[in-house]
Amino acid sequence: MSYMCPLCNGFDANRTFHCPTCSEVMVDSGRLMDYFDDYSAYLEIDGMKKVDGFPDDTSSHQCPHVLTCPTCGSEITQMISEFYIP
Ligand SMILES: [Zn+2]
Ligand SMILES: [Zn+2]
């Protein structure tokens, strides 16, 4: 039994997110974890304290993804709800 992120596991390939700035379709750049070294400084500035591997990540069953907009260059972190696999 586990929780799986649909984006990480390719179950939701047609899911799209729209840029809050220009409404164009954003590109999933992968899990935030994969960018952790690069983003740790940014996260601290952003007020996020769970820098040590997101301890609440599994309990909340959300997978943080970095989304980038190829049109205007905006970048956001989107929490993706994971689903339960018995
Ligand atoms: Zn994911
Ligand atoms: Zn944009």
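Residues numbered from 1 in each chain as written. Chains lettered and ligands numbered in written order. Predicted model: local features only at pLDDT ≥ 70, side-chain atom pairs only at ≥ 80, totals over all residues.

Draft legend 1. How the structure looks around the overall build of the chain. When helices and strands are tallied, the chain shows two helices and five strands. When the helices and strands of the chain are placed in sequence order, the string is β-β-α-α-β-β-β. The buried share among the 86 residues of the chain stands at 13%. Considering only residue pairs separated by 6 or more positions, the chain has 64% of its internal contacts joining residues 24 or more positions apart. (Helix = DSSP H or I, 4+ residues; strand = E, 2+ residues; numbered from the N terminus. Buried ≥ 20, exposed ≤ 12 C-beta atoms within 10 Å, placed from the backbone. Contact = placed C-beta atoms within 7 Å.)

Draft legend 2. Representation of the confidence of the model for the chain within the structure. The predicted model of the chain has a mean per-residue pLDDT of 77, with 67% of residues at 70 or higher. Scored below 50 in pLDDT, residues 43–54 makes six contacts in the model with residues more than four places away or belonging to other chains. (pLDDT = per-residue confidence, 0-100.)

Draft legend 3. Structural detail: the sheet that holds strand β3 (residues 62–68). An order of β2-β3-β4 is seen for the three strands of this open sheet, with the pairing classed as antiparallel. Taken across any chain shown, the strands that pair with only one partner, and hence form the sheet edges, are β2 (27–31) and β4 (75–81). Between one strand axis and the next, the sheet turns by 35° as a mean value, whatever way the strands run. Direction of pairing for β3 relative to β4: antiparallel, over a ladder of seven bridges. Looking across to β4, one finds that C63 is bridged to I80. (Pairing = 2+ DSSP bridges. Axes fitted to C-alpha atoms, helices over the stretch in contact; angles between N-to-C directions.)

Draft legend 4. Up close: the nonpolar core. C19, M26, V66, L67 and C69 together form the largest nonpolar core, which totals five residues. Setting aside residues no more than four positions away along its own chain, C69 makes contact with C19, T21, C22, E24, M26 and S74. (Core = buried A, V, L, I, M, F, W, Y, C linked by C-beta atoms within 7 Å.)

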